[in-house]
Amino acid sequence: MIPALVESSMVVMKLWADKLESEGGISEIKIDEYMRSFPGDVISRACFGSNYSKGGEIFHKLRALEEAMSRKVMSNGIPILRYLPTKSSREIWRLEREVGDLIMSTVNDRKEPSSENDIVHKIVSGASSSNVRKDCINRFIVDNCKNIYLAGYETTAIMLHGH
């Protein structure tokens, strides 16, 4: 992930340098928003390589899904209610479908042989070489991408807030 980390860092540094230049060399830069989006950008680059902008869209949808699921658990805490078609359940189901569709769309856009050796390429290669039904392979790809994003975001966020 080092190349993704370096690229993402250079983008942020360029934004800050441009801000400094446009404001005459002195500027107050509030880094909170940059630090919130930085982990998603790094993970998107590591997962999707040159197609990282679509990865950013997936990351934002996943964050919305995570927040919706948190609200749902906090509001009632009764596991069986997640299967009932309440307003919050329908929102969660919609976001899950959108995330899955975005991930599979990105994967399908890359069906042609790629020289990129990013995380998604490795997941797809491993899944494609198995003797499992296509719907199970798709579920495997989507679930792994979601896990990488969420675990990677939490790990990076903890590291950034700890320093």
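Residues numbered from 1 in each chain as written. Predicted model: local features only at pLDDT ≥ 70, side-chain atom pairs only at ≥ 80, totals over all residues. Heavy atoms only, no water.

Caption draft 1: Representation of the overall build of the chain. Of the regular secondary structure elements, the chain holds six helices and zero strands. Secondary structure elements in the chain, listed N-terminal to C-terminal, are α-α-α-α-α-α. The buried share of the chain, taken over its 163 residues, is 31%. A separation of at least 24 residues holds for 64% of the contacts in the chain among residues at least 6 apart in sequence. Accessible surface, the chain: about 10,500 Å² in total, of which carbon and sulfur atoms supply 61%. (Helix = DSSP H or I, 4+ residues; strand = E, 2+ residues; numbered from the N terminus. Buried < 20%, exposed > 50% of the residue type's maximum accessible area, 1.4 Å probe, protein only. Contact = heavy atoms within 4.5 Å. Areas by Shrake-Rupley, 256 points an atom, 1.4 Å probe, with all protein chains shown as cover.)

Caption draft 2: Looking closely at the nonpolar core. Ile58, Ile103, Val107, Val120, Ile141 and Tyr149 are the most contacted members of the largest nonpolar core, which totals 24 residues. For this core, the secondary-structure elements that each account for two or more residues are helix H2 (32–48), helix H3 (52–76), helix H4 (87–109), helix H5 (119–128) and helix H6 (134–162). Not counting the four nearest positions on each side in its chain, Val107 is found in contact with Val120, Val124 and Ile141. In terms of nonpolar packing, the next biggest core, distinct from the first, is built from six residues, Ala4, Trp16, Val42 and Ala46 among them. (Core = buried A, V, L, I, M, F, W, Y, C linked by side-chain atoms within 4.5 Å.)

Caption draft 3: Highlighting the side chain of Lys146. Within the secondary structure layout, Lys146 lies in helix H6. Notably, Lys146 is buried but unbridged: the nearest opposite-charge side chain belongs to Asp143, and the N-O separation is 4.4 Å. The residues contacting Lys146, other than those within four sequence positions of it, are Leu62, Val99, Ile103 and Arg139. (Lys, Arg positive; Asp, Glu negative; His and termini not counted. Salt bridge = Lys/Arg side-chain N within 4 Å of Asp/Glu carboxyl O.)

Caption draft 4: A look at a nonpolar patch on the surface. Where nonpolar side chains cluster on the molecular surface, the patch consists of Ile2, Leu5, Val6 and Met10 and spans about 390 Å² of accessible area. Secondary-structure assignment places Val6 in helix H1 (residues 2–22). Its relative accessible area of 46% is what places Val6 among the partly exposed residues. (Patch = residues over 30% accessible without salt bridge, like charges linked within 9 Å, V, L, I, M, F, W, Y side chains within 5 Å.)

Caption draft 5: The arrangement of the pattern of salt bridges in detail. Scanning the model with the defined rule gives seven salt bridges in all. Close ionic contact of Lys14 with Asp18 constitutes a salt bridge, the shortest N to O distance being 2.8 Å. Note that Lys14 and Asp18 are positioned in helix H1 at a spacing of four residues, about one turn of the helix. For Asp18, a relative accessible area of 34% gives the class partly exposed. Across the pair Lys30 and Glu28 runs a salt bridge, and its minimum N-O distance is 3.6 Å. Relative accessible area serves as the criterion here: at 63%, Lys30 is assigned to the exposed category. On the basis of relative accessibility, which here comes to 63%, the residue Glu28 falls in the exposed class. One continuous salt-bridge network, built from bridges that share partners, spans Lys61, Arg94 and Glu98.

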